[in-house]
Amino acid sequence: MSRRAILSLGLVIVVAVACSSDRRSDRSVRALPTIEAPQQSRGGFLSRLNPFQNASFRSNPSRAVTSPQSSDRLCGIRGLAGEVLPPITSEVAQCGVTAPVRVRQVDGVRLTQGAIMDCETAAALHNWVRKGVKPAVGRTGGGVTGLRVAAHYVCRPRNHRAGARVSEHGRGRAIDISAILLADGSEMSVLRDWHDSTHSRALQRMHRAACGTFGTTLGPGSDGMHEDHFHYDTARHRNGPYCR
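The rules behind the values
- Residues numbered from 1 in each chain as written.
- Predicted model: local features only at pLDDT ≥ 70, side-chain atom pairs only at ≥ 80, totals over all residues.
- Heavy atoms only, no water.
- Helix = DSSP H or I, 4+ residues; strand = E, 2+ residues; numbered from the N terminus.
- Buried < 20%, exposed > 50% of the residue type's maximum accessible area, 1.4 Å probe, protein only.
- Contact = heavy atoms within 4.5 Å.
- pLDDT = per-residue confidence, 0-100.
- Salt bridge = Lys/Arg side-chain N within 4 Å of Asp/Glu carboxyl O.

**Focus: the environment of Asp-193**
1) Next: By secondary structure assignment, the location of Asp-193 is in helix α5 (residues 190-193).
2) Next: The exposure class assigned to Asp-193 is buried, which follows from its relative accessible area of 5%.
3) Next: C-alpha separation for the pair Asp-193 and Asp-228, spaced 35 residues apart in sequence, amounts to 9.7 Å.
4) Next: Those residues within four positions of Asp-193 in sequence are excluded, and the remaining contacts are Glu-187, Met-188, His-199, Ser-200 and Leu-203.

Structure (structure tokens):
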């Protein structure tokens, strides 16, 4: 056999071996199990929570996995009822909640809408209702039956100001309350009753009780942005609780 024939035969053998190896590699890859990532809703879920987000935040819609698991002992706390939610993620830096819950009822007091937050914030809310709201309201109007929730988790900048840092709302560490609902159908409104009302003292007393229970407590007279609601969050401040 000539030298050229020997070289040609060798080349054919090399190509055949390589093709056979590639086919075995393909079979081994196909044999590996495939794990599907959970489906996530994009934009719509959080847009319904806050349809007026700043344009820069709308351009980076948050994403959430929604498969709630109901619990009447949320975060291990008796009397805290709602659902455990899967992690909430976001394309916006600093937004999202690693272990969120949706709180619907706190020590027998219902929330006007399910409020999404982390367990630390839920525990603080529970403590405030028990030690702040209920003692302040007492038997007025038959006692407290509900909290009107103005805002909870939503990915947005502080005070809705473009360019500001992400609000604690965007971390699941804040809740806004605009009124206390009473058994007789009336309510204590932060906007209407903070000044010169039969409910003023109760509202001011419960707001003072939030200081220290939460890291930040803001209300009427604090900064001009909270005249119609209480803002409470569990941010940690270098010099201790920030209360105004």
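**Quick word on the confidence of the model for the protein chain**
1) Next: On average, residues of the protein chain score 77 in pLDDT, and 69% of them are at 70 or above.
2) Next: Per-residue pLDDT stays below 50 along residues 2-65; that stretch engages in 54 contacts with residues further than four places along the chain or on separate chains.

**Quick notes on the pattern of salt bridges**
1) Next: Across all of its chains, the model carries ten salt bridges by this definition.
2) Next: Residue Arg-102 pairs with Glu-83 through a salt bridge whose shortest N-O separation is 3.2 Å. A residue pair is termed long-range when its members are at least 10 positions apart, and Arg-102 in strand β6 (residues 100-106) and Glu-83 in strand β4 (residues 80-84) qualify at 19 residues. Each member of the pair, Arg-102 as well as Glu-83, carries the same accessibility label: buried.

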